[in-house]
Amino acid sequence: MVGSMFRRIAALASVAALVAIWANLAFAQVVIININETAPYRLPRPIWPPHPHPPIPRPIPTPSPIPVMEYKIKELNVEAKLDRQIAKVQVSQTFQNTGNRQMEVCFVFPLPYDGAIDQLTLMVDGKEFEAKLMDKDAARKMYEDIVRRSQDPALLEWIGTGLFKTSVFPVPPGAERKVSLRYTQVCRASGGMTDFLFPMSTAKYTSKPVESVNVRVAIESDADIKNVYSPSHLVDTKRPDEKHAIVTYSGKEVIPGSDFRLLYDVGAGKLGASVISYRPDASDEGFFMLLASPEIKAMTEDMQSKTVMFVIDRSGSMAGKKLEQAKGALKFVLNSLKEKDLFNIVAYDSEVESFRPELEKFTDETRKSALGFVEGLYAGSGTNIDSGLKTALAQVKDASRPNYIVFLTDGLPTSGVTNEAQIVANAKAANQGRVRIFAFGVGYDVNSRLLDAVVGQNYGQSEYVRPNEDIEERVSKFYAKVSAPVLTDATADFGFDGVTAEQGPPVSRMYPKGPFDLFAGQQLVIVGRYKKDGAAKVIIKGKVGGAEQRFDFPANFVAKSTDSTNAFVEKVWALRRVGEIIDEIDLKGRNDELVKELVSLATKHGIITPYTSFLATEPNLALTRPEAAAGAATRSLDALAEADGLGGFAQRRAKGELKQADAPATAAPADAANGGIAGKRGEQGFGAGGRGYRYRDNADKEVVVDTVRQIGPKTFYRRDSRWVDGNVTAEKAKNTVKVERFSKQYFDLVAKHGRELTQYLADDEPMTLLIDGVVYEF
């Protein structure tokens, strides 16, 4: 019997190797189904929106005549250990019958296609339950029977997979059950990276948001672990040494709308790099993501000595809490400097004062003296930003070492040179040491346009701190990331065989724009577009300890993607590109072509900003009248004329988040209080289950709209009483094919397109979408 079991599993593994859409079909989380054939039930969905934000009015759906199962998932905990592509996973899930009837249920465990499961144990409240293995054909029949009987498309997501099904057990009203699941699985290897997928999205079928979700993945490897990246969730990664990594994610009151996905690679050398490519249309340019990380031991071996200058605003408006927090941030950085580092402090109001007349070597003695200087800072009057920056930049002349300025201000230039353009030009001219300026704008009165212009001309970036946020915390977190430069003034190039000068560069529109610095313990994420497909060489050049070094890595750029597994690459590129477009319009002036591109990208990817808010209130404008949409965006972009104040602050903080987006997050707390763009400080993006897009308006207030949603790689807009695919234009909609739900035609399309279609049909609201060039109306 055991041998027979393993033969069946081995057969499934053989099938796995032939299936191209493995990543989107791999499911491990159990699904609770009611087995009462005479009284079918629908799976529960939480009421949306589950937060107090007033939604934009939408039609009230007609109640279904078929009752809904009443249960909620209270807790979901996942522990996984990854070692050489083998994943050992343990899942614990607690659910409660919230109805007034006893449920007779069983658990269904859809088998993954990406590898063989050689061990599966399922327990309920400590008691092991027998699980019957069903092949994909038997599983398909069971799924279709349930979907037809219950008139609920939820289970369509798993058609095409085999499954384990438990025996039936009762759950009395109000009772809780704790389900434990253990299995071992082979992870897929793709593009040189190990791809671990845990299907949390099945837990979206719950009457209320999941109270607690916790995921912990421990990675062990004989070879050095290089890049660790999640395209689905904002994770915390700890790297105790070269061969171990601990990745965690936690959420409260969560509706898990997306599966948890984690990619990592291994290799030798001081730098590791991998390329992920995605090309949905072979006739258009593709999208790529380059991940690069220095080895862990570089933290001690190759950390370069650096120069750090502090330029701090001590004008009258900084008096009190702001100045005290700024002083705390300075003390943190001073206590974090290393031997051989050089530093100085420049404090300014209407006058400029330096800690020392020139750069100081960091020693315990100079550290104590500098701390005393910081303690003696007090608020004065006036704000001479120009002299403060020029004084600091004049002291840094050695461009062969990493040089950084931490520049902090809360206001407008009121003393000395006050013209924005002149201050920017003076700073650029004074910067002879290739100093990167990192600016912190504090409070709503800051001239945010000036700060963005200064850092844009001086290789840096800006961050904006709200009045209720802690300056010390923000500066300290920033410095912890950039305190150990390993590779500086680095560039990334791509070598393809057979590319001629006449064909132009094979890759373009890379963000961030180089050169860049790589820091110990940090991961660089670059996205861009590519024309040429096939094998290529990634060439990263930079300075290590002042000496030029070159690192080469193999890469492959796909000619045509067969599924949407790596569609996240396009989304991250679109987010950054939108940020770059807004930045260019902000600093260089409006351009009609840029406005059209902004509207096009925002519409396709559901990126709502104060300039594309019509996507939430008037989606027909963008879908049927693109010229009118461009006009609406043009008028909204006039708000960028606000150089300072609340409007200027809000717009430039949001712009910075788009430019620094690392990944699109679709699993967010149900109250929409956090989540959004994964990576930096995401406050924009889709919330729970791909619903409830959040963005900040020009008054820095959070706006939540429920007329836009994300399902897989597609964005949908509510038009009248249905969801419409953002790719459906008025021209394409002329030949719409209408399909009756649960009809033979409906299930034939499910069989033909599989997961590429069923991921959109799992909800039962009316929907119009484009699949393989055909528009269908369900």
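Heads up: the structure comes first, above all this text.
Throughout this document, residue positions are counted from 1 along each chain, in the order its sequence is written. Residue-level local features of this predicted model are given only where pLDDT is at least 70; pairs of side-chain atoms are given and counted only at 80 or more, and the full residue set underlies all totals for whole chains, interfaces and linings. Side-chain descriptors were evaluated using all non-hydrogen atoms of the structure, hydrogens and water having been removed beforehand.

Caption draft 1: Representation of the overall build of the protein in the model. In terms of regular secondary structure, the protein is built from 18 helices and 42 strands. When a residue's accessible area, from a 1.4 Å probe over protein chains only, is under 20% of the maximum for its type it is buried; when over 50% it is exposed; and in between it is partly exposed. Every one of the 778 residues in the protein was classed for burial, and the buried ones make up 57%. The contacts in the protein between residues at least 6 apart in sequence include a share of 75% that link residues at least 24 apart. Counting only carbon and sulfur atoms, one obtains 50% of the accessible surface of the protein, whose full area is about 30,700 Å². Starting at the N terminus, helices and strands are each numbered in turn, a helix being any DSSP run of H or I of at least four residues and a strand any DSSP run of E of at least two. Note on contacts: a residue pair is in contact if any heavy atoms of the two residues lie within 4.5 Å. Accessibility throughout is a Shrake-Rupley quantity obtained with a 1.4 Å probe, and a residue counts as covered only by protein chains that appear here.

Caption draft 2: Representation of the packing of aromatic side chains in the model. What counts as a ring pair is set by centres within 6.5 Å for rings of Phe, Tyr and Trp (its six-membered ring), and what kind of pair is set by the plane angle: stacked under 30 degrees, edge-to-face over 60, tilted for all other angles. In the structure shown here, the tally under the stated rule is 24 aromatic pairs. Here Phe494 and Phe557 contribute two aromatic rings whose centre-to-centre distance is 5.9 Å and whose plane-to-plane angle is 80 degrees, an arrangement assigned as edge-to-face. Taken together, the residues Phe494 in strand E27 (residues 485-495) and Phe557 in strand E32 (residues 547-557) connect sequence positions 63 residues apart. By relative accessible area, Phe494 is classed as buried at 11%. Judged by relative accessible area, Phe557 falls into the buried class, the value being 1%. Taking NZ or CZ as reference, Arg314 lies 5.7 Å from the ring centre of Tyr378, over its face. By the criterion adopted, a ring carries a charge over it if an Arg CZ or a Lys NZ lies within 6 Å of its centre and within 35 degrees of its normal.

Caption draft 3: Summary view of helix H5 (residues 321-336). Helix span, as expected, comes to 1.5 Å for every residue beyond the first. Between its terminal C-alpha atoms H5 stretches 23 Å, which fits the 22 Å expected from 16 residues at 1.5 Å a residue. Buried within H5 are the following residues: Leu323, Gln325, Ala326, Lys327, Gly328, Ala329, Leu330, Val333, Leu334 and Ser336. On its buried face, H5 is in contact with strand E20 (307-313), strand E21 (342-348), helix H6 (364-375), strand E24 (403-409) and helix H10 (471-482).

Caption draft 4: Focus on the nonpolar core. Phe196, Val217 and Ile219 are the most contacted members of the largest nonpolar core, which totals 77 residues. Of the residues forming this core, the biggest block, six residues, is contributed by strand E2 (residues 71-83). When neighbours within four sequence positions are excluded, Ile219 is seen to be in contact with Leu82, Ile225, Val228, Lys243, His244, Ala245, Val247, Leu262 and Tyr264. Definition of nonpolar core: a set of buried residues of the types Ala, Val, Leu, Ile, Met, Phe, Trp, Tyr and Cys, connected through side-chain atoms within 4.5 Å. Listed in part, the 55 residues of the second largest apolar core include Val525, Tyr611, Leu621 and Ala622.

Caption draft 5: Local environment of the sheet that holds strand E30 (residues 524-530). Any two strands between which DSSP finds at least two bridges are classified as paired. Ordered in space as E18-E19-E30-E28, the four strands form an open sheet in which the pairing is antiparallel. Of all the strands in the sheet, the pair left with one neighbour each is strand E18 (271-278) and strand E28 (507-511). Strand-to-strand twist of the sheet, defined as the mean angle between neighbouring strand axes without regard to direction, takes the value 25 degrees. In this sheet, strand E19 (residues 286-294) lies alongside E18 in antiparallel orientation, the contact comprising eight bridges. Following the sheet pairing, Gly272 is matched in E19 by Ser293. Note on geometry: axes are lines fitted to C-alpha atoms, helical ones only across the stretch in contact, with angles between N-to-C directions running from 0 to 180 degrees.

Caption draft 6: Structural context of the pairing of strand E39 (residues 722-725). Every second residue of E39 is oriented toward a common face, with Arg722 and Val724 on one face and Trp723 and Asp725 on the other, all of them buried. Taken together, strand E38 (residues 714-719) and the strand that follows it, E39, pair antiparallel across an intervening segment of two residues, in which Asp720 is found at a positive phi of about 60 degrees. Relative to strand E41 (residues 767-771), E39 is paired through two bridges, and the arrangement is parallel. Of the residues in E41, the one forming a bridge with Trp723 is Met767.

Caption draft 7: Spatial organisation of the sheet that holds strand E31 (residues 534-544). The strand order across the open sheet formed by four strands is E29-E27-E31-E32, and the pairing between neighbours is antiparallel. The sheet is open, and its two edges are formed by strand E29 (516-519) and E32, each paired on a single side. Geometrically, the sheet is characterised by an average inter-axis angle of 35 degrees between neighbouring strands, direction not taken into account. Here eleven bridges tie E31 to E32, and the two strands are oriented antiparallel to one another.

Caption draft 8: Broad picture of the pattern of salt bridges. Should a side-chain nitrogen of Lys or Arg be within 4 Å of a carboxyl oxygen of Asp or Glu, the pair is scored as a salt bridge. Evaluated as defined, the whole model comprises 54 salt bridges. The closest approach of N and O atoms between Lys655 and Asp583, which form a salt bridge, is 2.8 Å. Of this pair, Lys655 sits in helix H16 (residues 645-659) while Asp583 sits in helix H11 (residues 568-588), and the two are 72 residues apart along the sequence. Like Asp583, Lys655 is buried. One salt bridge connects Lys734 with Glu731, and the closest N-O pair in it is separated by 3.0 Å.

Caption draft 9: Structural view of the packing of H11 against helix H12 (residues 592-605). For the pair H11 and H12, interaxial distance at closest approach is 10 Å and the crossing angle is 150 degrees. Taken together, the axes of H11 and H12 are roughly antiparallel relative to one another. Note on packing geometry: the crossing formed by H11 with H12 is left-handed. Contacts between H11 and H12 involve Glu570, Lys571, Trp573, Ala574, Arg577, Val578, Ile581, Ile582, Glu584 and Ile585 on the former and, on the latter, Leu594, Val595, Glu597, Leu598, Leu601, Lys604 and His605. Charged means Asp, Glu, Lys or Arg here, nonpolar means Ala, Val, Leu, Ile, Met, Phe, Trp, Tyr, Cys or Pro, and polar covers whatever is left, Gly included. Across the contact of H11 with H12, the residue classes break down as ten nonpolar, one polar and six charged. Each angle gets one of four labels, with under 35 degrees taken as roughly parallel, over 145 as roughly antiparallel, 65 to 115 as roughly perpendicular, and the rest as oblique. With the far helix as reference, a near helix turned anticlockwise by less than a right angle produces a left-handed crossing, and one turned clockwise produces a right-handed crossing.

Caption draft 10: Inspection of unusual backbone geometry at higher detail. Residue Tyr511 is joined to Pro512 through a cis peptide bond whose omega torsion reads 5 degrees. Mapped onto the elements, Pro512 comes out in the loop between E28 and E29. Backbone torsion omega between Gly514 and Pro515 reads -5 degrees, so that peptide bond is classified as cis. Tracing the backbone shows Pro515 in the loop between E28 and E29. The backbone phi angle of Gln151 is positive, close to 55 degrees, even though this residue is not glycine.

Caption draft 11: Representation of helix H3 (residues 136-150). Compared with the 21 Å implied by 1.5 Å per residue over 15 residues, the 21 Å span of H3 between its first and last C-alpha is a close match. Listing the buried residues of H3 in full gives Ala139, Met142, Tyr143, Glu144, Ile146, Val147 and Ser150. Two residues or fewer after H3 comes Gln151, characterised by a positive phi angle close to 55 degrees.

Caption draft 12: Region of interest: the pairing of E19. When you tally the buried positions in E19, you get nine out of nine residues, the bulk of the element. Of the two faces of E19, the one lined by Gly286, Phe288, Leu290, Ala292 and Pro294 and the one lined by Phe287, Met289, Leu291 and Ser293 are each fully buried. As judged from the seven bridges shared by E19 and E30, these two strands associate in the antiparallel manner. For Phe287, the partnering residue across the bridge sits in E30 and is Arg529.

Remember, this is a structural readout, not a statement about activity or role.
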